Structures are given as structure tokens and as C-alpha cells.
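Inside the fold
For reference, the chains in residue letters:
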Amino acid sequence: MSGSNSKRKRSKSPSKPLELETAKLGFIGSGKMTESLVNGFIDYGKVDKKRIFISAPTEKNSIRFKEKGCNITKRNYDIFGKFDCDVIFICCPGSVVLDCLRDPKRPHPLCTNFIPLTSKDKYIFSLVSGVKLTQLQTVLLNPDHKGKYIIEMHRIVINPACAYGLGICAIDVEPDSNKLSASLRTLLSTISKLEHVPEEQMDAACAICGAGLAFVYCFIKAMADGALKAGLDRSIAIKFAAKTLQCAAQSLLETGKHPGELRDHVCAPGGPAIEGINKMNNLDLNGSIISAVEKSKDFAFKLLTAKP
Ligand SMILES: NC(=O)c1ccc[n+]([C@@H]2O[C@H](COP(=O)([O-])OP(=O)(O)OC[C@H]3O[C@@H](n4cnc5c(N)ncnc54)[C@H](OP(=O)(O)O)[C@@H]3O)[C@@H](O)[C@H]2O)c1
């Protein structure tokens, strides 16, 4: 089994390549992450809606996917059984998985039974924060069939910009190595750039690339408000704030320079940039952002013990 933390031999890795043109994509959970992934795959991965299958206990969110032309169910087991999906994204709350581990009696809230043994290869991605792959394997894979499942399983964190084909995806293996099937690399690359992050750092990665996207939108809005206050039209102010962020991010990524070095390059001695930075320091913007990222990671763990 692939995935950095899959030390226990619970399955074999797939040997046949996945046919992306016909592959069925399944999603457990129909919340915001599923919506970003599904929108990205339909618009940028050119995945036919009829090949998308979504399960959630209620239709309050999944109904939107049905209206789009995707298939929905209230039984998670259908994703593995009846619909026999090839690639499955687990996007339900972590508390669901932990409940299964706490009370192993079947039926489980995640899957009424262990996932069936089929001759078809399965590819599973877990987006679930705070839950290890080994924990998910315990819940999904029948120990009596140890070693018989043909599954490739990975933990990923992907940011919601994947809905626009612009995501960044942290994955538990080197994306260009044979630890990730070429077809999965192709599929994920249609909506995001892939970066290896060890599984034990995934929750920290989620705090910056998931929640962090919202923090950056706050920063853009605040920059635009500042420019508005200084007299710039609102629409231009928002566009310029966003473009400035894009320029900063792109020059940093392309030069490989440290953000402090690039900042110093912008600040003339005694000039307006350093004056503004001094104001931000006095208001402890740096400390606030560090706390926001930290808080976001801690809160994801708090949610694990909450009821969905
Ligand atoms: N960047 C990332 O990779 C990233 C970012 C944020 C979150 N996450 C993780 O991704 C997961 C989903 O996050 P989200 O923001 O999409 O959450 P969300 O919007 O709150 O949606 C949660 C979904 O899970 C469904 N659900 C609840 N119990 C379930 C069960 N027993 N079986 C199947 N589905 C169940 C809910 O069903 P109903 O529609 O019926 O309520 C809902 O559709 C979480 O584990 C979160 O920690 C990852």
C-alpha cells in the first residue's frame, strides 16, 4: 500500500494503470471540500458529471450535486459497493472515523461494513484532518482479508482553489516517484500543484493551505480598504491588492529568495514602506497571523471530538 505511514501490510498496490477517461470518482461527504474538488474535476479535469458519485447522511448539501448531474446516495458503502468507484476521496468529519475506532460494532457511521474485496484496483485519498491513514485502514479494511485488497491510499491536503484549477496539494509521498500512480498524479495535477509533505505534518499544512486561503482573502480586503481610505476606487483597490499579492507570491516562488530579503528590497531607508511595516509591527500583525495559523490547527483537533 502506498502512503508514508502504511507500515502495516493491509493490501497490495494496484498493478494495472487506472483509465482516467472512464474512472468513477467517489466522495464520502458532500461539504465544502467535496464541492471544491468536484467543481475542479468537472471544469478543469474534464470529468463527466455522470462519473461522479457522492455520499452523505442527508441531502441538505448533496442535493446541489444531484442538480449538477452527479449521482448521490445516503449510504457511504454504495461508493465502494454498488457504484464500485475507482478513486475515492474521504471528505467527512474526522469525528466520524474516530467514532468508528471508539466503537468498532457494525454498522459503522463511516461504512456499514468493511469495504468489499473486488478484483478492481481502488485508489483512496483521505482529506480528513487529524486522522492517520493507519486509523482509516483499521476502519475500512477487513482484517480477515489482510493483504488481499488491491489499494493505493494517500493522505492529502488540498486547498479550495482547486475548484479553479489553482490548488496546492500536499501529498504524503513524492509526487514524481513510483509511490504515486501516474494516473493519480495526472488526475490531481488537473486541479492543483503537488508537493510532498510527510503525513505527520499534514495538519500543519492544512492550517496554512486550507484555512490560510481565507486569511489571505482577509489581508487582500484589508489592503483594499486601506487604499479606498487613501482615495482609490474600490474596484481598482481590490484588483491592485490581489495583483500585489500575486506579484509578491510569484516573485518569491520564482527567485527562491527568503520573504525577509524581498521585503528589505522594497523598503528604502526612511521611506514609506518601512514606515507602514513599523505600524504593522506595533499592531503585532506578525503575531496575529502566527496565532491564527496555530489556532486553526488546534481547532481542527477540537472538532475531532465534536459530533457532526
Ligand atoms: N485542505 C484540506 O484538505 C481540508 C480543508 C478543510 C477541511 N478538511 C477536512 O476535510 C473534511 C471535510 O471538510 P469540509 O470543510 O468539506 O466539511 P463540511 O463542509 O462541514 O462537510 C462535511 C460533510 O461530511 C458529511 N458527513 C457527516 N457525517 C458523515 C458520515 N457519517 N458519512 C459521510 N459523510 C458525513 C456531511 O453530511 P451532510 O451534508 O449530510 O451534513 C457534510 O456533507 C474534514 O475532515 C476536514 O477536516 C480538509
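Residues numbered from 1 in each chain as written. Predicted model: local features only at pLDDT ≥ 70, side-chain atom pairs only at ≥ 80, totals over all residues. Heavy atoms only, no water.

- The name recorded for the protein in an unreviewed UniProt entry is Pyrroline-5-carboxylate reductase 3, from Tetranychus urticae.
- The UniProt entry for the protein carries the following text under Sequence similarities (unreviewed entry): "Belongs to the pyrroline-5-carboxylate reductase family."
- Here the protein is described in UniProt, under the heading Subunit (unreviewed entry), as follows: "Homodecamer; composed of 5 homodimers." (UniProt positions renumbered as here; feature names shortened; annotations may be inferred.)

Topic: a nonpolar patch on the surface
- Residues Phe219, Met223, Met280, Leu285 and Ile289 make up a contiguous nonpolar surface patch of roughly 370 Å² in combined accessible area.
- Counting only elements with at least two residues in the nonpolar patch, the list comes to α8 (211-229) and α12 (285-304).
- By the element assignment, Phe219 lies in helix α8.
- On the basis of relative accessible area, Phe219 is assigned to the partly exposed category, the value being 31%. (Patch = residues over 30% accessible without salt bridge, like charges linked within 9 Å, V, L, I, M, F, W, Y side chains within 5 Å. Areas by Shrake-Rupley, 256 points an atom, 1.4 Å probe, with all protein chains shown as cover. Salt bridge = Lys/Arg side-chain N within 4 Å of Asp/Glu carboxyl O. Helix = DSSP H or I, 4+ residues; strand = E, 2+ residues; numbered from the N terminus. Buried < 20%, exposed > 50% of the residue type's maximum accessible area, 1.4 Å probe, protein only.)

Notes on the pattern of salt bridges
- For the structure on display, the rule yields ten salt bridges.
- A salt bridge links Glu199 to Arg155, with the nearest nitrogen and oxygen atoms 3.4 Å apart. Here the residue Glu199 occupies a position in the loop between β9 (192-196) and α7 (202-209), and Arg155 occupies one in strand β7 (residues 149-158), the gap between them amounting to 44 residues. Assigned by exposure class, Glu199 and Arg155 land together as buried.
- Asp264 is paired through a salt bridge with Arg263; the nearest N and O atoms lie 3.1 Å apart.
- The class of Asp264 is partly exposed, set by a relative accessible area of 47%.
- Here Arg263 falls in the partly exposed class, since its relative accessible area comes to 42%.
- If you follow the salt bridges from partner to partner, you end up with Asp84, Asp86, Lys120 and Lys122 in one network.

Quick notes on empty space enclosed by the protein
- Taken as a whole and assessed by the stated rule, the structure comprises one cavity of 30 Å³ or more.
- Considered as a void within the structure, the largest cavity measures approximately 40 Å³ in volume.
- If you go around the largest cavity, the residues you meet are Ile115, Pro116, Leu117, Thr118, Lys120, Lys122, Tyr149, Ile150 and Ile151.
- Residues belonging to the lining of the largest cavity are distributed by class as follows: six nonpolar, one polar and two charged. (1 Å grid on protein atoms, 1.4 Å probe; cavity = no way out; pocket = protein on both sides within 12 Å on 5 of 7 lines; lining within 4 Å. Points joined across faces, edges and corners; volume = space filled by probe spheres on them. Nonpolar A, V, L, I, M, F, W, Y, C, P; charged D, E, K, R; others polar.)

Notes on unusual backbone geometry
- Positive phi, close to 55 degrees, is recorded for Lys46, a residue that is not glycine.
- Inspection of the secondary structure puts Lys46 in the loop between α1 (32-43) and β3 (52-55).
- The backbone phi angle of Asp84 is positive, close to 50 degrees, even though this residue is not glycine.
- You can see Asp84 is positioned in the loop between α3 (76-80) and β5 (87-90).

Some thoughts on the site of the ligand
- Around the ligand, the surrounding shell holds 24 residues, and the nearest of these are Met33, Thr58, Asn61, Cys92 and Ile158.
- At 2.8 Å, a backbone N or O of Met33 approaches an oxygen atom of the ligand.
- Taking Cys92, its main chain carries an N or O atom lying 2.7 Å from an oxygen atom of the ligand.
- Here the ligand has 920 Å² of accessible area as a free molecule, and 82% of this is covered by the chains.
- For the shell around the ligand, the secondary structure elements donating two or more residues are α1, α2 (59-68), α4 (94-102) and β7. (Near = heavy atom within 4 Å. Polar contact = N/O pair within 3.5 Å; in protein donor to acceptor, adjacent residues only side chain to side chain.)

Topic: the pairing of β7
- Among the ten residues of β7, nine are classified as buried, and the element is accordingly described as predominantly covered.
- Sheet topology note: the strand β1 (residues 11-12)/β7 ladder contains two bridges and is parallel. Residue pairing in the sheet places Lys12 in a bridge with Ile150 of β7.
- Pairing between strand β6 (residues 122-126) and β7: five bridges, direction parallel. Each residue of the ladder has a partner; that of Phe125, found in β7, is His154.
- Crossover handedness for the path β6 to helix α5 (residues 133-140) to β7: right-handed.
- For β7 and strand β8 (residues 167-171), the ladder comprises three bridges, and the chain directions are antiparallel. Pairing of Ile158 across the sheet is with Cys169, part of β8. (Pairing = 2+ DSSP bridges. Right-handed = clockwise from strand over helix to strand, strands pointing away.)

Re the UniProt feature "domain: Pyrroline-5-carboxylate reductase dimerisation" (unreviewed entry) in the protein
- Those places that UniProt annotates as "domain: Pyrroline-5-carboxylate reductase dimerisation" (unreviewed entry) correspond, in this numbering, to residues 199-298.
- Secondary structure content for residues 199-298 is 82% helix and 0% strand, while the C-alpha to C-alpha distance between its ends is 17 Å.

Remarks on the state of the cysteines
- Per the counting criterion, the structure on display carries zero disulfides.
- Looking at Cys218, it has no disulfide partner, and the nearest cysteine sulfur is the one in Cys209, 16 Å off. (Disulfide = S-S within 2.5 Å.)

Looking at the packing of aromatic side chains
- Inspection of every chain in the model, using the stated rule, returns four aromatic pairs.
- Taken together, a centroid distance of 5.1 Å and an interplanar angle of 10 degrees make the contact between Phe27 and Phe89 stacked. A residue pair is termed long-range when its members are at least 10 positions apart, and Phe27 in strand β2 (residues 25-28) and Phe89 in strand β5 qualify at 62 residues.
- For the pair Phe53 and Phe83, a centre-to-centre distance of 4.7 Å together with 35 degrees between the ring planes defines the contact as tilted. Of this pair, Phe53 sits in strand β3 while Phe83 sits in the loop between α3 and β5; the two residues are 30 residues apart in sequence, bridging distant segments of the chain.
- On the basis of relative accessible area, Phe53 is assigned to the buried category, the value being 7%. (Phe/Tyr/Trp six-rings, centres within 6.5 Å; stacked < 30°, edge-to-face > 60°.)

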